[in-house]
Amino acid sequence: QFQLVESGGGLVQAGGSLRLSCAASGSIFSINVMGWYRQAPGKQRELVATITSGNSTRTADSVKGRFTISRDNAKNTVYLQMNSLKPEDTAFYYCNAGLVVRNPVRYLEVWGQGTLVTVSS
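What you see as residue numbers is a count from 1 along each chain, following the sequence as written. Confidence filtering applies because this is a predicted model: local features only for residues at pLDDT of at least 70, side-chain atom pairs given and counted only at 80 or more, and all residues used for totals across whole chains, interfaces and linings. Water and hydrogen atoms were dropped before computing side-chain values, which therefore reflect all heavy atoms in the structure.

Caption draft 1: Structural detail: the sheet that holds strand 8 (residues 77–82). Spatially, the four strands line up as an open sheet ordered 1-3-8-7, and their pairing is antiparallel. With partners counted over all chains shown, the strands left at the sheet margins are strand 1 (3–7) and strand 7 (67–72), one partner each. Strand-to-strand, the axes of this sheet are offset by a mean angle of 15 degrees, without reference to chain direction. As defined by bridge partners, strand 1 adjoins strand 3 (residues 18–25) across five bridges and the pair is classed as antiparallel. Two strands pair under a simple rule: DSSP has to find at least two bridges between them. Where helices and strands are cited, they refer to DSSP runs of H or I of at least four residues and of E of at least two residues respectively, numbered from the N terminus. Angular values range over 0 to 180 degrees, each being the angle between N-to-C directions of two axes fitted as lines to C-alpha atoms, with helices fitted over their stretch in contact.

Quick look at the structure:
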């Protein structure tokens, strides 16, 4: 009914770039915070970046200066531009969003299914 669909993952060489997209669908009234998290094999899920409806952003120190989060409110979509990728960026990347939905009106936190980013050395 309400879902986040991610795209843009893949295999890239170190130093390369990828752009992830995540689109929210369903009977959505508004979207509050949207964000990207990642989980590498054997590690806990960690925050990469978040962005509010007013475009205030927060970025993890490990990716600051290399990754940029942005959103298009008209398309209910959040993006993650990843530059200067490193092998340690290899992980599943998950989109997250706080949705205010209709019928009935309520708040939902939704996760995407994840997209794999692999950075080769």
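Caption draft 2: Spotlight on the pairing of strand 4 (residues 28–39). As defined by bridge partners, strand 4 adjoins strand 9 (residues 91–101) across nine bridges and the pair is classed as antiparallel. When the sheet's bridge partners are listed, Tyr37 is paired in strand 9 with Tyr94. Linkage of strand 4 to strand 5 (residues 46–51), two consecutive antiparallel strands, is achieved through a turn of six residues, within which Gly42 is found at a positive phi near 80 degrees.

Caption draft 3: Region of the structure containing the environment of Arg71. In this structure, Arg71 sits in strand 7. On the accessibility criterion, Arg71 (12% relative accessible area) is buried. Spatially, the C-alpha atom of Arg71 lies 7.6 Å from that of Ile51, the residues being 20 residues apart in sequence. Two residues form a contact once any of their heavy atoms are found within 4.5 Å. Ignoring anything within four residues of it in the chain, the contact list for Arg71 reads Ile31, Asn32, Val33, Met34, Ile51, Thr52, Ser53, Asn55, Thr77, Val78 and Tyr79. A polar side-chain atom of Arg71 sits 3.1 Å from the main-chain carbonyl oxygen of Thr52. Throughout this description, a polar contact denotes any pair of N or O atoms lying within 3.5 Å of each other; where both atoms belong to protein, one of them has to be capable of donating a hydrogen while the other can accept it, and for residues adjacent in sequence the pair is counted only when both atoms sit in side chains. Within the structure, the side chain of Arg71 is placed 2.7 Å from the side chain of Asn73, a separation counted as a polar contact. When accessible area is computed with a 1.4 Å probe and restricted to protein chains, residues below 20% of their type maximum are described as buried, those above 50% as exposed, and intermediate ones as partly exposed.

Caption draft 4: Here's a closer look at the pattern of salt bridges. Note on definitions: salt bridges are taken to be side-chain nitrogens of Lys or Arg within 4 Å of carboxyl oxygens of Asp or Glu. Enumeration according to the criterion identifies four salt bridges in this entry. Linking Arg38 and Glu46 is a salt bridge whose minimum nitrogen-to-oxygen distance equals 2.7 Å. Under the relative-accessibility criterion, Arg38 is labelled buried at 6%. A salt bridge links Asp89 to Arg38, with the shortest nitrogen-to-oxygen separation between them at 3.0 Å. Taken together, the positions of Asp89 in the loop between strand 8 and strand 9 and Arg38 in strand 4 put the pair 51 residues apart, joining distant regions of the chain.

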